[in-house]
Every structure is written in structure tokens, then in C-alpha cells.
Amino acid sequence: LFTNDLFQWGFNSIPRSVLDALKGWLMVMPFVLLISWLTTFFFGDPGGSNPLLEMVLSSKNFSALAVLLITTVLVAPVFEEFVFRGVLLPVLDKEQNRVIAIIISALIFALAHLSVGETPPLFVLGIGLALLRLSTGRLLPCVMMHSLWNAFTFTNLLILSG
């Protein structure tokens, strides 16, 4: 499944990557939203994950919002997918049972965000991203799906911040 191509980015098939990312996002979104709702229902509002994020969103400073948007939608997905699905998942997949590899990589992904309240939905998102990586054999669809998820979240936060 994992070839010698440099982390299997799959740049030669961008339209296919876009389609895979959209399908993955549509498949995982209901589960992430359900887990997020259940977490809030049983444990209350987890609050924001990052005080800096809340400060930038409430400031309405265009430059700060633009930097946050670029970081959230472009830089973070590339970096995180490289680390979690480009390096960690293939290593775990070689050393562990595939299900265990998916669970461990998703858990580390969720915990790396340093937000206890967001850990359950991020864990589910991490499982979805790992499954997309394993099903396509490419990293680019994961980056695109992650970017789409972050753009969706960023837009919602921007709207909710009024």
C-alpha cells in the first residue's frame, strides 16, 4: 500500500485527490459532529481550544484573520498530515495490527491539539483521515480533507464570533 514515492503525495492525480477528500469529508463529518454533540451533551461545553484563536476572531483585525486563515487552512493541514498520516501511520502500520495503527495515530493526533474537550471529535476525525490515507495510498487527499475540515470550522467560528 505504501510505495517509495515521497510520502505518496499523489500530485499527479489532483482531481482524484479532490474527489477523495470530498468523499472522505462527507463520510466522516456526521460522525465527528455526533461525537462533538454527545461530548457537549454529557460533559458540557468544552470551551475554545485556543485563547489566541478566540482573541483573533473577536478582534476583527483583517491581517490577523488572514494569517490565522492561512495557518489554519493551509499550513497546519500540510504539517499535521505529513507527521500523522505521512510518517506516523505508515510506521505504526508496519509495526502493529492495522486497526491498532489507526487508533494510535488518531489518538496521538487528537491529543496533539491539547484540548481535552475536543479530543473525542478529533479522535474520530483522525480515524477518518487514517482510513482515507490507507484507502487511497496518497497523502494529498488527506491534506485536502483536513483543509476542508479546518476551513469549515474556521468559517463557523468566524460566523459565531459575530
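Residues numbered from 1 in each chain as written. Predicted model: local features only at pLDDT ≥ 70, side-chain atom pairs only at ≥ 80, totals over all residues. Heavy atoms only, no water.

On to the overall build of the protein, then. Within the protein, the regular secondary structure consists of six helices and zero strands. In sequence order, the secondary structure elements of the protein are arranged as α-α-α-α-α-α. Nonlocal contacts in the protein, meaning residues at least 24 apart in sequence, comprise 73% of its contacts between residues at least 6 apart. Accessible area of the protein: about 9200 Å², with a carbon and sulfur share of 73%. (Helix = DSSP H or I, 4+ residues; strand = E, 2+ residues; numbered from the N terminus. Contact = heavy atoms within 4.5 Å. Areas by Shrake-Rupley, 256 points an atom, 1.4 Å probe, with all protein chains shown as cover.)

Our next topic: the pattern of salt bridges. By the definition in use, this model includes four salt bridges. Here Asp20 makes a salt bridge to Arg16, at a shortest N to O gap of 3.4 Å. Residue Asp20 and its partner Arg16 are both found in helix α1 (residues 14–43); the two are separated by four residues, about one turn of the helix. With relative accessibility at 5%, the residue Asp20 sits in the buried group. One salt bridge connects Glu81 with Arg85, and the closest N-O pair in it is separated by 2.8 Å. In this pair, Glu81 and Arg85 both sit in helix α3 (residues 62–95), four residues apart, roughly one turn of the helix. By sharing partners, the salt bridges in this structure join Arg16, Asp20 and Arg138 into a single network. (Salt bridge = Lys/Arg side-chain N within 4 Å of Asp/Glu carboxyl O. Buried < 20%, exposed > 50% of the residue type's maximum accessible area, 1.4 Å probe, protein only.)

For the rest of this paragraph, the subject is the environment of Met144. Here Met144 shows up in helix α6 (residues 140–160). Residues Met144 and Leu22 lie 122 residues apart in sequence; the distance between their C-alpha atoms is 8.2 Å. The contact partners of Met144, leaving out residues within four places of it in the chain, are Ile14, Ser17, Val18 and Ala21.

With 19 residues, the main nonpolar core has Val28, Val32, Phe109, Leu125, Leu129, Met145 and Trp149 as its most contacted residues. Sorting the residues of this core by element identifies α1, α4 (98–111), α5 (119–136) and α6 as the ones contributing at least two each. Among all residues touching Leu125, those that are not within four sequence positions of it are Val28, Val32, Phe109, Met145 and Trp149. (Core = buried A, V, L, I, M, F, W, Y, C linked by side-chain atoms within 4.5 Å.)

Moving on, we get to the side chain of Thr72. Within the secondary structure layout, Thr72 lies in helix α3. We classify Thr72 as buried; its relative accessible area is 18%. A polar contact of 2.7 Å, which involves the side chain of Thr72, links it to the backbone oxygen of Leu68. Residue contacts for Thr72: discarding those within four places in its chain leaves Pro77, Asn150 and Phe154. (Polar contact = N/O pair within 3.5 Å; in protein donor to acceptor, adjacent residues only side chain to side chain.)

Look at α1 against α6: their axes get within 8 Å of each other, and the N-to-C directions meet at 50°. Considered as vectors, α1 and α6 are oriented oblique to each other. Of the two possible hands of crossing, α1 and α6 adopt the one that is right-handed. Between α1, through Ile14, Ser17, Val18, Asp20, Ala21, Leu22, Gly24, Trp25, Val28, Met29, Val32 and Leu33, and α6, the contact on the second element is made entirely by Leu140, Pro141, Met144, Met145, Leu148, Trp149 and Phe152. (Axes fitted to C-alpha atoms, helices over the stretch in contact; angles between N-to-C directions. Parallel < 35°, antiparallel > 145°, perpendicular 65-115°, else oblique. Left-handed = near helix turned anticlockwise from the far one by under 90°.)

Here the protein averages 88 in pLDDT, while 90% of its residues score no lower than 70. Per-element confidence in the protein ranges from a low mean pLDDT of 73 for helix α2 (residues 51–59) to a high of 97 for α4. (pLDDT = per-residue confidence, 0-100.)

With that settled, consider a nonpolar patch on the surface. Together, Leu34, Trp37, Phe41, Phe42 and Phe43 make up an exposed nonpolar region whose accessible area comes to about 680 Å². Inspection of the secondary structure assignment puts Phe42 in helix α1. (Patch = residues over 30% accessible without salt bridge, like charges linked within 9 Å, V, L, I, M, F, W, Y side chains within 5 Å.)

With 18 residues, α5 extends 25 Å between its outermost C-alpha atoms, agreeing within 8% with the 26 Å of an ideal straight helix rising 1.5 Å per residue. Among the residues trailing α5, Gly137 stands out with phi positive, at a value near 75°. (Expected span 1.5 Å × (residues − 1).)

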